[in-house]
Amino acid sequence: MAAHDLRGVTLLKGALDAAGQAALVAELRAVAAAAPLFHPETARGRKMSVRMTSAGRLGWVSDRRGYRYEPAHPQGMAWPEIPPRLLTLWDAVSGSAVPPDTCLLNYYGEGARMGLHQDRDEAELHHPVVSLSLGDEALFRVGNVERGGKTESVWLASGDVAVLSGAARLVHHGIDRIRFGSSRLLPQGGRINVTLRVAGATG
Ligand code: MD3
Ligand code: FE
């Protein structure tokens, strides 16, 4: 499998084959059936265009109280278990002996985007993050650890995996737009991104 480097971000193009992608979509559908997708609200009271849910011991939530990881969905149910084939993917590509305790599922419908941000809500910021794209193509932008400066962009396709470790773990990144309808993996169209992380303290 070819590995590309974009500012320290390792991109594994086509890491997951079509059968693996389809099997995972079915498992992620079950995750969203048990823990419904929701539009997180920012601290400023704006709704994000991306819909989200989580699996694992912890899940990411955002509301007027801010961004954080919680042991339960906003509607009160426990988060479902992380699909085992994602734990296998983590073991294959993360280089980490610590297993992930959270899997964030982002769903991008037509017009959804995610502004440039850093991921720093986790208790320990040295653990890698593993990301998998499914469905429509997305324009992924990578900047710098400090705010501002030049950015570089690349299109992510279904089955592509990104590994964020070392200095790349804290770079600014975002999704400018998706090419709605560019993939047939999801019958309703759109894009799923799943990220595996160690969110809680490991001590
Ligand atoms: C670089 N997700 O969930 S995935 C996120 O496609 C997030 O939904 C985007 O940013 C998405 O926080 C981008 C690629 C990615 C994920 C996590 C990273 C890049 C990253 C963490 C640190 C640096
Ligand atoms: Fe992020």
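First, a word on scope: everything that follows refers to the structure included in this document. Just so we're clear, the structure is a prediction, and the values are computed from it rather than from any experiment.

## So, the environment of Val171
So, step 1. Along the chain, Val171 turns up in the loop between strand 11 (161–164) and strand 12 (173–178).
So, step 2. Given a relative accessible area of 7%, Val171 falls into the buried group.
So, step 3. Expressed as a C-alpha distance, the spacing of Val171 and Ala30, which sit 141 residues apart in the sequence, is 32 Å.
So, step 4. Not counting residues within four places of it along the chain, the set of residues in contact with Val171 comprises Val9, His117, Gln118, Val142, Gly143, Asn144 and Val145.

## Quick word on the coordination of the iron ion (ligand 2)
So, step 1. Within the protein, His117 (NE2), Asp119 (OD) and His173 (NE2) serve as the donor atoms for the iron ion (ligand 2), at 2.0 to 2.2 Å.
So, step 2. In the primary sequence, the donor residues of the iron ion (ligand 2) line up as H-x1-D-x53-H. One end of the pair, His117, is in strand 7 (residues 114–117); the other, His173, is in strand 12, with 56 residues separating them in the sequence.
So, step 3. Given the relative accessible area of 23%, His117 is considered partly exposed.
So, step 4. Residue His173 is classed as buried on the basis of its relative accessible area of 16%.

## Re the site of ligand 1
So, step 1. Residues in contact with ligand 1 amount to 19 residues; listed here are only the nearest, Asn106, Tyr108, Asp119, His173 and Arg191.
So, step 2. At 2.9 Å from an oxygen atom of ligand 1 is found a side-chain nitrogen or oxygen belonging to His173.
So, step 3. When isolated, ligand 1 has an accessible area of 500 Å², and the protein chains bury 98% of it.
So, step 4. When contributions to the shell around ligand 1 are tallied by element, the ones reaching two or more residues are strand 6 (102–108), strand 7, strand 8 (129–135), strand 12 and strand 13 (191–197).
So, step 5. The dominant element in the shell around ligand 1, judged by the number of residues it contributes, is strand 13, at four residues.
So, step 6. The residue makeup of the shell around ligand 1, split by class, is nine nonpolar, six polar and four charged.

## Comments concerning the sheet that holds strand 10 (residues 152–156)
So, step 1. Spatially, the four strands line up as an open sheet ordered 7-12-9-10, and their pairing is antiparallel. Two strands bound the open sheet, and with one partner strand each, they are strand 7 and strand 10. Neighbour-to-neighbour, the strand axes of the sheet open up by a mean angle of 25 degrees, direction not taken into account.
So, step 2. Bridge count between strand 9 (residues 138–142) and strand 12: five bridges; the pairing is antiparallel. Across the sheet, the residue bridging to Ala138 is Ile178, located in strand 12.

## Overview of the environment of Asp121
So, step 1. Relative to the assigned elements, Asp121 resides in the loop between strand 7 and strand 8.
So, step 2. Asp121 gets classed as partly exposed once you look at its relative accessible area, which sits at 31%.
So, step 3. Along the backbone, Asp121 and Leu24 are 97 residues apart, and their C-alpha atoms lie at a distance of 26 Å.
So, step 4. Each residue touching Asp121, except ones within four places of it in the same chain, is listed here: Trp60, Tyr67 and Tyr69.
So, step 5. A polar contact of 2.9 Å, which involves the side chain of Asp121, links it to the side chain of Trp60.

## Topic: helix 2 (residues 84–93)
So, step 1. Every buried residue of helix 2 is listed here: Leu86, Leu89 and Trp90. Angularly, the buried residues of helix 2 cover 100 degrees about the axis, an arc narrow enough to put them on a single face. Those residues of helix 2 that are exposed and aimed more than 90 degrees away from the buried face are Pro84, Thr88, Asp91 and Ala92.
So, step 2. Packing partners of the buried residues in helix 2 comprise helix 1 (18–34), strand 6, strand 8, strand 11 and strand 13.
So, step 3. One or two positions beyond helix 2, positive phi appears at Gly95, with a value near 70 degrees.

## Considering the nonpolar core
So, step 1. With 25 residues, the main nonpolar core has Val9, Met52, Tyr108, Phe140 and Ile175 as its most contacted residues.
So, step 2. Counting only elements with at least two residues in this core, the list comes to strand 2 (9–12), strand 6, strand 9, strand 11 and strand 12.
So, step 3. With three residues, strand 9 is the single largest residue contributor to this core.
So, step 4. Counting residues in hydrophobic clusters, the runner-up holds 24 residues, among them Leu24, Leu132, Leu134 and Leu186.

About the criteria used
Residues numbered from 1 in each chain as written. Chains lettered and ligands numbered in written order. Predicted model: local features only at pLDDT ≥ 70, side-chain atom pairs only at ≥ 80, totals over all residues. Heavy atoms only, no water. Helix = DSSP H or I, 4+ residues; strand = E, 2+ residues; numbered from the N terminus. Buried < 20%, exposed > 50% of the residue type's maximum accessible area, 1.4 Å probe, protein only. Contact = heavy atoms within 4.5 Å. Donors = N, O, S within 2.8 Å, 3.2 Å for Na, K, Ca; no water. Near = heavy atom within 4 Å. Polar contact = N/O pair within 3.5 Å; in protein donor to acceptor, adjacent residues only side chain to side chain. Areas by Shrake-Rupley, 256 points an atom, 1.4 Å probe, with all protein chains shown as cover. Nonpolar A, V, L, I, M, F, W, Y, C, P; charged D, E, K, R; others polar. Pairing = 2+ DSSP bridges. Axes fitted to C-alpha atoms, helices over the stretch in contact; angles between N-to-C directions. Arc of directions from axis to C-beta. Core = buried A, V, L, I, M, F, W, Y, C linked by side-chain atoms within 4.5 Å.

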